[in-house]
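Overview (structure and organization)
As a plain string of letters, each chain reads:
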Amino acid sequence: MTLYATPSPDQSLDPQPATTTLLTMARALLTVVETSAAGLGIPLPDRRVIYMAPIPADCPQVAVLVGGWTMDPAGEGMIACERARWAAQLGIIITRKTPAVPTAAGDLPTPASMMQAAQLASDDAEILLEVVGSLQEVADVLVETPAAEGGLQSATVSFRTPAFGGI
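Residues numbered from 1 in each chain as written. Predicted model: local features only at pLDDT ≥ 70, side-chain atom pairs only at ≥ 80, totals over all residues. Heavy atoms only, no water.

1. Considering helix α2 (residues 111-134)
Where we set the bar: Put simply, DSSP marks the helices as runs of H or I at least four residues long and the strands as runs of E at least two long, and each gets a number from the N terminus on. A helix is expected to span 1.5 Å for every residue after the first. Only protein chains enter the area calculation, which uses a 1.4 Å probe; residues under 20% of their type maximum are buried, those over 50% are exposed, and those in between are partly exposed. Whether two residues touch is decided by their heavy atoms; if any such pair falls within 4.5 Å, the residues are in contact.
Given a rise of 1.5 Å per residue, 24 residues ought to cover 34 Å, and the 35 Å separating the end C-alpha atoms of α2 matches this to within 8%. Taken as a whole, α2 has its buried residues at S113, A117, A121, D124, A125, I127, L128, V131 and V132. Where α2 is buried, its residues contact α1 (22-40), β5 (85-97), β6 (139-144) and β7 (152-162).

Structure (structure tokens):
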């Protein structure tokens, strides 16, 4: 779906109207993630992808997730189109190898390795907060740092932002 800016853009000098798609928004968001991480001095995993939400956290990577479009404001009945706009449902997941893993002998992770994992989660949450804070308009923001599974840990954020003026 291609959405056109509202109100209609001035097309007197440009034959193409301003457009945005989930993919163009995701590409812009990935750039914001990379810029935010660099500004905080936190290296990101090399693998960078754009994918549909949800994505399995099965390797170290940064993923911008596209979840679809929703009307804003969300109504329980008919919405007058001139008062509504489209908002993208987006997310970001930063997945890393966790230092908090049991030993080969089956011993529990050490307290020091658990602290390292918590530091990684905290750093990644700061990147996500920096990203959200840099956006023009967001709603329904949720940043999560769930426990590690299968040797990997992730920090995630989900939110919605308008098609025009959000990123």
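Once you've had a look at it, read on.
2. Thoughts on the sheet that holds β6
Operational definition: Any two strands with at least two DSSP bridges between them are considered paired. The convention used is that axes are lines fitted to C-alpha atoms, helices contributing only their stretch in contact, and that angles between N-to-C directions extend from 0 to 180 degrees.
Spatially, the five strands line up as an open sheet ordered β3-β4-β5-β7-β6, and their pairing is mixed. Unpaired on one side and paired on the other, β3 (48-52) and β6 mark the two borders of the sheet. Strand-to-strand twist across the sheet, computed as the mean angle between neighbouring axes with direction ignored, equals 20 degrees. Bridge count between β6 and β7: four bridges; the pairing is antiparallel. Paired with E144 across the bridge in β7 is T156. Contacts between α1 and the sheet are confined to β3, β4 (61-72), β5 and β7, with β4 contributing the most and set at about 135 degrees to the helix.

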